[in-house]
Amino acid sequence: MPPDPFVTTHVHTDGPIPGPHSLLTLTSAAHTGAGVLTAVFSANVRELPGATLHPGALSHWRSRADDWLHSRRASRPPALAMTDYARWIEQFPGAVYVADPERTDHLFVYWYLQRYTGRWPFAGTLLDAAVHDRLECSALCSLTGCRTPHAAPLAATS
């Protein structure tokens, strides 16, 4: 049984690693141990100063121009977005971050939280693809490509 409460995430980026590349969107879902959705956090995040768009990500985003534009609307500075995210997590004492170790979501979320808040606000981390996939929060993402059945996946950038 998964921990209670736990949080899953779905991100979009403009490259494979944080720092040289940026986190563009962050969607997180808080769940009870039984898998009941209790809350959602979503933010569009501004690009990091000096970061570049990776050629592979550029090619992918060109095929999803509307999603790219949507990801840039109302984007917030990284420090503000991550501070708000850490505050959101604090609503769930003892929350455990559940991640798929094959995806870069955890890498970006960890790096951004450490860089902009100086801490990891979760009580722990569970790297479990099965639990993460069972409660995948991509359907909660604001980008059309994540919510449209049979759309070309945006996983290449997330």
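A short tour of the structure in this document, coming up. (Residues numbered from 1 in each chain as written. Predicted model: local features only at pLDDT ≥ 70, side-chain atom pairs only at ≥ 80, totals over all residues. Heavy atoms only, no water.)

Here's the deal with the sheet that holds strand β4 (residues 96-99)
Let me state the cut-off plainly: Two strands pair if DSSP finds at least two bridges between them. Helix and strand assignments follow DSSP, with helices taken as H or I runs no shorter than four residues and strands as E runs no shorter than two, numbered in order from the N terminus. As a rule, the C-alpha atoms of each element are fitted with a line to give its axis, helices using only the stretch in contact, and angles between N-to-C directions run from 0 to 180 degrees. By the convention used here, residues are in contact when the closest approach between their heavy atoms is within 4.5 Å.
Pairing is mixed across the open sheet formed by five strands, whose spatial order is β3-β2-β1-β4-β5. Only two strands of the sheet have a single partner each, and these edge strands are β3 (37-44) and β5 (124-127). Going from strand to strand, the sheet's axes swing by 25° on average, the running direction of each strand aside. Relative to strand β2 (residues 23-31), helix α3 (residues 78-89) is tilted by about 5°, and along the sheet it contacts β1 (6-13), β2, β3 and β4. Helix-sheet contacts for helix α4 (residues 105-117) involve β1, β2, β4 and β5, and the interaxial angle to β1 is about 95°.

A word on α3
The line we're drawing: Given the number of residues in a helix, its expected span is that number minus one, multiplied by 1.5 Å. Each residue's exposure class comes from its accessible area (1.4 Å probe, protein chains only) as a fraction of the maximum for that residue type: buried when under 20%, exposed when over 50%, partly exposed otherwise. Arc definition: directions from the helix axis to the C-beta atoms.
Look at α3: 16 Å from first C-alpha to last across 12 residues, which is about the 16 Å you get at 1.5 Å a residue. Where α3 is concerned, the buried positions are P78, A81, M82, Y85, A86, W88 and I89. Projection of α3 onto a plane perpendicular to its axis shows the buried side chains occupying an angular sector of 155°, all on one side. Contacts from the buried residues of α3 go to β1, β2, β3, β4 and α4.

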